[in-house]
There are 2 protein chains.
Amino acid sequence: MRRFAAETARDLVRSRSLQRQNRRRCLLSPLWPLLSSGSQSRFSSSASSPDSPPAMGSSPPVTLDTINPKVLKCEYAVRGEIVSIAQRLQQELKENPGSHPFDEILYCNIGNPQSLGQQPITFFREVLALCDYPSILDKSETQGLFSADAIERAWQILDQIPGRATGAYSHSQGIKGLRDTIAAGIEARDGFPADPNDIFLTDGASPAVHMMMQLLTRSESDGILCPIPQYPLYSASIALHGGTLVPYYLDEEAGWGLEISELQKQLDSAKSKGITVRALVVINPGNPTGQVLAEENQRQIVEFCKKEGLVLLADEVYQENIYVPDKQFHSFKKIARSMGYGDNDISLVSFQSVSKGYHGECGKRGGYMEVTGFSADVREQIYKVASVNLCSNITGQILASLVMNPPKVGDESYESYCEERDGILSSLARRAKTLENAFNSLEGITCNRAEGAMYLFPRVYLPQKAIKAAEAAKMAPDAFYCRRLLNATGIVVVAGSGFGQVPGTWHFRCTILPQEDKIPAVVSRLTEFHKGFMDEFRD
Amino acid sequence: MRRFAAETARDLVRSRSLQRQNRRRCLLSPLWPLLSSGSQSRFSSSASSPDSPPAMGSSPPVTLDTINPKVLKCEYAVRGEIVSIAQRLQQELKENPGSHPFDEILYCNIGNPQSLGQQPITFFREVLALCDYPSILDKSETQGLFSADAIERAWQILDQIPGRATGAYSHSQGIKGLRDTIAAGIEARDGFPADPNDIFLTDGASPAVHMMMQLLTRSESDGILCPIPQYPLYSASIALHGGTLVPYYLDEEAGWGLEISELQKQLDSAKSKGITVRALVVINPGNPTGQVLAEENQRQIVEFCKKEGLVLLADEVYQENIYVPDKQFHSFKKIARSMGYGDNDISLVSFQSVSKGYHGECGKRGGYMEVTGFSADVREQIYKVASVNLCSNITGQILASLVMNPPKVGDESYESYCEERDGILSSLARRAKTLENAFNSLEGITCNRAEGAMYLFPRVYLPQKAIKAAEAAKMAPDAFYCRRLLNATGIVVVAGSGFGQVPGTWHFRCTILPQEDKIPAVVSRLTEFHKGFMDEFRD
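Residues numbered from 1 in each chain as written. Chains lettered and ligands numbered in written order. Predicted model: local features only at pLDDT ≥ 70, side-chain atom pairs only at ≥ 80, totals over all residues. Heavy atoms only, no water.

An unreviewed UniProt entry lists chain A under the name alanine transaminase, from Eucalyptus globulus. Of chain A, the UniProt comment under Sequence similarities (unreviewed entry) reads exactly: "Belongs to the class-I pyridoxal-phosphate-dependent aminotransferase family. Alanine aminotransferase subfamily." UniProt annotates chain A under Subunit (unreviewed entry) with the comment "Homodimer." (UniProt positions renumbered as here; feature names shortened; annotations may be inferred.)

Dropping the structure here:
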């Protein structure tokens, strides 16, 4: 059912796009054509024109043909059809063990570390528990269960919350004391001042991205420059808010490099089509591509945004996930400030999340955006939109403050905290390297190194025979490959067509998150499957 | 600054409305004219036409004139200008005690119980703390700190979470086991089946409302019937999604009654203006009006929606807040099912939140919507939009399951839980009655009873002289009154013009949430202020 509904929706989107969105389709064509290719349309004859909504008053009042077409247009491959199939397989394995050639589903589709067994950072969870139930803070048993610095930190945080009320709505930007802590953490990271009034705490980074897209998008004539491949939150959010995604291609040959000439070319091309480009999205470290930008490259990007009057939307949620000694994370704010550019020179939004890093607290939905270089009256509008949703969840707010201010030398938890953090990060680095080597050892696969983030994005050179088989199955070739991989191994990865890629190239995104003791099995299952696939479809 | 920016934004909205939205303005005119009245426009001569966006490429790239006009149009009075003033006064009191004729600010502007000292339900917080830090579940000290049924419940919940990973993203509708619990709670409440697959867990009710508005709104020709007075989330969300609010007036003389003839009249009027009305919003118990609908009235509403093919959006977040013995809460789903209407007869969405009720856990941002009577393919679209934001926060999800499945007879916590719950609800009932009586004893004020919810919405018959003074101050008369009240007493209430009201009538919304020992002071301060105000402006 799910699959059928999704395909029906895509058909509707496609027919509407064909009818009336030629300009936009041109810009998007490298990204989407195969997402909607080939399936049969249930609505091809019955769908009414978008300009003449059908009469109301009959049941059911809401059909695919009468909902917001922007919703229809939106796609989010990371939780798309392949996950539905995986969930079905998982159910089948549960009900009928041995019914498939694998005994578990390995979800490598999404950056969700704790779902694959990564343990939370003890200190963070101690503090959260104490803030949830402060009545135990001064009980003697509590000393036996919690570290002294967690108890101390919980008191500090409670003192920052008006009335110590962790169950009250906070200021719509987040609790002021926690924003002070976060701003101090940013200052310590960057060596430049940060203002707590620039911080907007959010339920993860995604709502923050939506807020900025909503603010900047007036119509489909407003464009947002996004990397291709991109994390599909961006395409989804742009579609939902009715703007136009202006793609710029990362250079796979150059380790997913970001070339200013490519930015300029795509910007000029969009302008010539009547698009007003409002902002540039940069994901650093890259998702799905795993590269870490060089400092010099970042300076060029800042200069480009300043010259072209673009808002720089810096997705920096993987700032702690760096796995190679020759690369370091630098925030775009630090780069801009080190170039002498202040609030009056560049509009810059940095997104951070508690879901990534070494902590991986996805379920807590914490995050923030640091909004700099906007006029007071525009900032007021951002605040107003935040206030309509009252505030982000307080647990996530507290966690965001902990992430930006973890235990320090001398704190009781410091050593165990470092051990947990470094254990996770060094293990992730080993897993990234092992998987990268495994991919590169396979016939017809090349894979850039994961310098950071949580993903590899290998390129698969599919044989013509496989491409033809995919066409016959009415699927994108990379989606066909991923489906076969899932059915053969239980490993869930996401096809490159969900992220965008140079037309005619095929990729998939695979997280580096299975626990380390499972990596050898992942490698052998992947290897065996891939060899079989290539043998089956060798031209 | 904030005030100035807000007024500038309103002016921009107003000038644009005048230019091009005559039809829409007509529908909205009872609601908004005074919100934007009188302030001077900084942009009146310089703002470019909305059809010719100014050239980009200069600094700053983003101005009020180049952001999404839907954002400009959106208003949310509950956290608007009056709160900014209150925060300033609070700061002044802190820095300079005695600088005002009161020693604290009393925030009666927002339903935020714990900010005013209401204590959380112990059992709920015990379970949350244990789920945050499960490592202590089997330690001996834990038995001394937590109740046995909280420990048992935490184990149950952890067992429902795949891998016991409370830090992982969940299914985008929420953890299946928690949805099972919630569905069982709905069944127990209504006596009719509920399907866990119909439940979408959300970060409070607000994002759920946004999701439905986003789904149903294609353009400003799509309308949503909303009560006037209304909770301004609805007007804000409709504005943000570019639809049209179609107002229907509650009958103040009949205890804020909801007349079907009024619904029909407004629906017909909207249709005649080319509006396709998609849905009817009903808030029961009422916000800001505090009435509880009679069962027979609810049946009429269901029949109306069925006949007219409208989605019924039932805001039922105050379902536990009932203060009068002659009224009871009935969910619209129960009403529809008891009329024999099933999934094929009516599209119905019920919104619930952990922020209200006796628990008032606003900061946890938990809630759900129960979505029934939509086709599978439309539901799939709702799921897709939910999946773009991955999932709601797990703490809020757990809390929503606790609210729908609190301790039962025989559980260790049952008695203390009942005591806490009933203590809060009976105190709220007493406070509602005391404030209602106080308002009704004042010259020129009438106040319907608060049968439910957390608010009183008294009507103030302002003397002409006060109305003239407000006009001179370029303010809505009720906003003028509320501002004077704040400056004289430190009590923050929200002017009726933020909720909508019959033109020429003036109201304000006052929560019943100050702790009971403060109510006498609230009453005497209100009384003294009001008498002085009437004396000053008596015609």
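**Student:** What's the story with the overall build of chain A in this structure? I'm lost.
**Tutor:** Secondary structure summary: chain A contains 19 helices and 14 strands in total. Residue pairs at least 24 apart in sequence account for 74% of intrachain contacts in chain A once pairs closer than 6 positions are excluded. When the accessible surface of chain A is split by element, carbon and sulfur atoms take 51% of a total near 18,200 Å². (Helix = DSSP H or I, 4+ residues; strand = E, 2+ residues; numbered from the N terminus. Contact = heavy atoms within 4.5 Å. Areas by Shrake-Rupley, 256 points an atom, 1.4 Å probe, with all protein chains shown as cover.)

**Student:** Can you walk me through unusual backbone geometry in this structure?
**Tutor:** Note: most peptide bonds trans; most residues except glycine with negative phi. Across the junction of Ile-228 of chain A and Pro-229 of chain A, the peptide omega takes the value 0°, indicating a cis bond. Locating Pro-229 of chain A in the fold gives a position in the loop between β3 (222-228) and α10 (233-240). Phi angles above zero are rare outside glycine, and Leu-390 of chain B is one such case at about 75°. Mapping Leu-390 of chain B onto the fold places it in the loop between α14 (376-388) and α15 (394-403). Taking the relative accessible area as the measure of exposure, Leu-390 of chain B reaches 2% and is therefore buried. Unlike most non-glycine residues, Lys-474 of chain B shows phi in positive territory, near 55°. When you line up the elements, Lys-474 of chain B lands in the loop between α17 (464-472) and α18 (477-489). (Buried < 20%, exposed > 50% of the residue type's maximum accessible area, 1.4 Å probe, protein only.)

**Student:** Even after reading the chapter, I still don't get the interface of chain B and chain A, so can you show me in this structure?
**Tutor:** Many authors give the size of an interface as the accessible area that is lost as the parts come together. With 107 residues of chain B in contact, the opposing surface of chain A contributes 106 residues. Summed over both sides, the interface between chain B and chain A buries roughly 8,600 Å², with carbon and sulfur atoms accounting for 56% of that surface. Looking only at chain B, the three residues that lose the most surface to chain A are Arg-79, Leu-145 and Tyr-169 of chain B, adding up to 9% of its buried area. For the pair chain B and chain A, the number of links is two salt bridges. (Buried area = accessible area lost by both parts, 1.4 Å probe. Salt bridge = Lys/Arg side-chain N within 4 Å of Asp/Glu carboxyl O.)

**Student:** I keep staring at the packing of aromatic side chains and nothing clicks. Help me out?
**Tutor:** Centre-to-centre distance and the angle between the planes together describe a pair of aromatic rings. Scanning all chains against the criterion turns up 33 aromatic pairs over all chains. Consider the rings of Tyr-358 of chain B and Tyr-417 of chain B, whose centres lie 5.9 Å apart with planes at 70°: the pair is edge-to-face. Here Tyr-417 of chain B lies in helix α16 (residues 414-440) and Tyr-358 of chain B lies in the loop between β7 (348-353) and β8 (367-372), a separation of 59 residues in the sequence. Residue Tyr-358 of chain B is classed as buried on the basis of its relative accessible area of 3%. Relative accessible area serves as the criterion here: at 2%, Tyr-417 of chain B is assigned to the buried category. An aromatic cluster of at least three residues, connected via ring pairs, comprises Phe-439, Phe-480, Tyr-481, Phe-508, Phe-529, Phe-533 and Phe-537 of chain A. When the ring centre of Tyr-341 of chain A is taken as origin, the NZ or CZ atom of Lys-306 of chain A, which lies over that ring, is 5.3 Å away. Geometry around Tyr-455 of chain B places Arg-509 of chain B over its ring, the cationic atom sitting 3.9 Å from the centre. (Phe/Tyr/Trp six-rings, centres within 6.5 Å; stacked < 30°, edge-to-face > 60°. Lys NZ or Arg CZ within 6 Å of the ring centre and 35° of its normal.)

**Student:** It is not clear to me how the packing of helix α17 (residues 464-472) of chain A against helix α19 (residues 519-537) of chain A should be interpreted in this structure. Could you clarify?
**Tutor:** The angle between the axes and the distance between the axes are what describe a pair of packed helices. All names here are of chain A. At their nearest, the axes of α17 and α19 sit 8 Å apart, and the two run at 90° to each other. Compared by their axis directions, α17 and α19 come out roughly perpendicular. For the pair formed by α17 and α19, the contact residues are Lys-465, Ala-466 and Ala-469 on the first element and Phe-533, Glu-536 and Phe-537 on the second. (Axes fitted to C-alpha atoms, helices over the stretch in contact; angles between N-to-C directions. Parallel < 35°, antiparallel > 145°, perpendicular 65-115°, else oblique.)

**Student:** I keep staring at the nonpolar core and nothing clicks. Help me out?
**Tutor:** For soluble globular proteins, the rule of thumb is that nonpolar side chains tend to be buried together. If you look at the biggest cluster of nonpolar residues, it comprises 354 residues, and the most contacted ones within it are Leu-280, Leu-312 and Met-369 of chain A together with Leu-280, Leu-312 and Met-369 of chain B. Residues in contact with Leu-312 of chain A, not counting those within four places in the same chain, are Leu-280, Val-282, Ile-301, Val-302, Cys-305, Phe-332, Ile-346, Ser-347, Leu-348 and Val-349 of chain A. (Core = buried A, V, L, I, M, F, W, Y, C linked by side-chain atoms within 4.5 Å.)

**Student:** Would you mind going over the packing of helix α4 (residues 81-95) of chain A against helix α18 (residues 477-489) of chain A with me for this structure?
**Tutor:** Residue and element names in this part refer to chain A. It is the contact of α4 with α18, at a shortest axis distance of 11 Å, that shows an interaxial angle of 15°. Considered as vectors, α4 and α18 are oriented roughly parallel to each other. Between α4 and α18 the crossing geometry is right-handed. Touching Glu-81, Ile-82, Ile-85, Ala-86 and Leu-89 of α4 are Cys-482, Arg-483, Leu-486 and Asn-487, all from α18. (Left-handed = near helix turned anticlockwise from the far one by under 90°.)

**Student:** Please clarify how the sheet that holds strand β14 (residues 508-511) of chain A should be interpreted in this entry.
**Tutor:** Residue and element names in this part refer to chain A. Taken in spatial order, the three strands make up an open sheet running β10-β14-β13, and their pairing is antiparallel. Among the strands making up the open sheet, the edge pair consists of β10 (455-456) and β13 (494-495). One ladder, built from two bridges, connects β10 with β14; its direction is antiparallel. Each bridged residue has a counterpart across the sheet, and for Tyr-455 the counterpart in β14 is Thr-511. (Pairing = 2+ DSSP bridges.)

**Student:** Sorry, what's going on with the pairing of strand β4 (residues 244-249) of chain B here?
**Tutor:** Residues and elements named next belong to chain B. With six of six residues buried, β4 lies mostly within the body of the structure. Alternating residues of β4 divide into Thr-244, Val-246 and Tyr-248 and Leu-245, Pro-247 and Tyr-249, and every residue in both groups is buried. For strand β3 (residues 222-228) and β4, the ladder comprises six bridges, and the chain directions are parallel. Note that in β4 the partner of Pro-227 across the bridge is Tyr-248. A crossover connection joins β3 to the parallel β4 through helix α10 (residues 233-240); in handedness this β-α-β unit is right-handed. (Right-handed = clockwise from strand over helix to strand, strands pointing away.)

**Student:** What am I meant to see in the side chain of Arg-125 of chain A here?
**Tutor:** Its place among the elements puts Arg-125 of chain A in helix α5 (residues 122-132). The buried category is assigned to Arg-125 of chain A, whose relative accessible area is 2%. For Arg-125 of chain A, the residues in contact, after removing those within four places along its chain, are Gln-114, Pro-120, Glu-361 and Lys-364 of chain A together with Cys-131, Asp-132, Tyr-133, Thr-166 and Gly-167 of chain B.

**Student:** Would you explain the relation of the copies chain B and chain A in this entry?
**Tutor:** Relating the two copies of this chain is a rotation about some axis coupled with a shift parallel to it. Once chain B has been moved 0.0 Å along the axis and rotated by 180°, it coincides with chain A to within an RMSD of 0.0 Å. Taken together, the rotation and translation relating the two chain copies correspond to the operation of a two-fold axis. Closest approach to the rotation axis among the C-alpha atoms of chain B is made by Ala-129 of chain B, whose C-alpha sits 2.0 Å away. Both copies share a contact surface, since 99% of the interface residues of chain B are interface residues in chain A too. (Least-squares fit on C-alpha atoms with pLDDT ≥ 70 in both.)

**Student:** Would you explain the pattern of salt bridges in this entry?
**Tutor:** For side chains of opposite charge, pairing can occur when their charged atoms come near one another. Summed over the entire model, instances satisfying the criterion amount to 56 salt bridges over all chains. A salt bridge links Lys-364 of chain B to Asp-132 of chain A; the nearest nitrogen and oxygen atoms lie 2.4 Å apart. Of this pair, Lys-364 of chain B sits in the loop between β7 and β8 while Asp-132 of chain A is found in helix α5, placing the two residues in two different chains. Just as Lys-364 of chain B is buried, Asp-132 of chain A falls in that class too. Close ionic contact of Glu-451 of chain B with Lys-327 of chain B constitutes a salt bridge, the shortest N to O distance being 3.0 Å. With Glu-451 of chain B in the loop between β9 (445-446) and β10 (455-456) and Lys-327 of chain B in the loop between β6 (311-315) and α13 (332-338), this pair connects stretches of sequence that are 124 residues apart. Given the relative accessible area of 9%, Glu-451 of chain B is considered buried. Via salt bridges that share partners, Asp-326, Lys-327, Arg-449 and Glu-451 of chain A belong to a single interconnected network.

**Student:** What is the right way to look at the environment of Pro-232 of chain A in this model?
**Tutor:** Residue and element names in this part refer to chain A. In this fold, Pro-232 is placed in the loop between β3 and α10. We classify Pro-232 as buried; its relative accessible area is 1%. The contact partners of Pro-232, leaving out residues within four places of it in the chain, are Glu-75, Tyr-76, Ala-77, Val-78, Gly-498 and Phe-499.

**Student:** Explain the confidence of the model for chain A to me, please; I cannot follow it from the model alone.
**Tutor:** A low pLDDT means the predicted coordinates there should not be read in detail. For chain A, per-residue confidence averages 89 on the pLDDT scale, and 89% of positions sit at 70 or higher. Here residues 1-59 of chain A scores under 50 on pLDDT; set against residues more than four positions off or in separate chains, the count is 102 contacts. (pLDDT = per-residue confidence, 0-100.)

**Student:** I keep staring at the sheet that holds strand β14 (residues 508-511) of chain B and nothing clicks. Help me out?
**Tutor:** All names here are of chain B. A sheet is described by the order of its strands in space; here three strands give the open sequence β10-β14-β13, paired in antiparallel fashion. At either margin of the open sheet sits one strand with a lone partner, and together these are β10 and β13 (494-495). In the sheet, β13 pairs with β14 via two bridges, with the strands oriented antiparallel. Bridging across to β14, Ala-495 finds its partner in Phe-508.

**Student:** Any chance you could explain the pairing of strand β5 (residues 276-283) of chain A here in plain terms?
**Tutor:** Strand residues, when the strand is regular, have side chains that alternate between the two faces of the sheet. All names here are of chain A. The element β5 is extensively covered by neighbouring structure, given that eight of its eight residues are classed as buried. Sheet topology places β3 next to β5; four bridges connect them, and they run parallel. Looking across to β5, one finds that Gly-223 is bridged to Val-277. Direction of pairing for β5 relative to strand β6 (residues 311-315): parallel, over a ladder of five bridges.

**Student:** It is not clear to me how the environment of Gln-397 of chain A should be interpreted in this structure. Could you clarify?
**Tutor:** Residues and elements named next belong to chain A. Mapped onto the fold, Gln-397 is located in helix α15 (residues 394-403). Measuring from C-alpha to C-alpha, the distance between Gln-397 and Gly-366 comes to 5.8 Å, with 31 residues separating the pair along the chain. In this view, Gln-397 contacts Ser-170, Gly-174, Ile-175, Leu-178, Leu-201, Cys-391 and Ser-392; residues no more than four positions away in its chain are not counted.

**Student:** Help me understand the environment of Pro-477 of chain B, please; the structure alone is not making it clear to me.
**Tutor:** All names here are of chain B. Tracing the backbone through its elements, the reader meets Pro-477 in helix α18. Each C-alpha atom of the pair Pro-477 and Val-460 lies 9.9 Å from the other, and the pair is 17 residues apart in sequence. Setting aside chain neighbours within four positions, we find Pro-477 in contact with Leu-462, Ile-467, Ala-470 and Trp-506.

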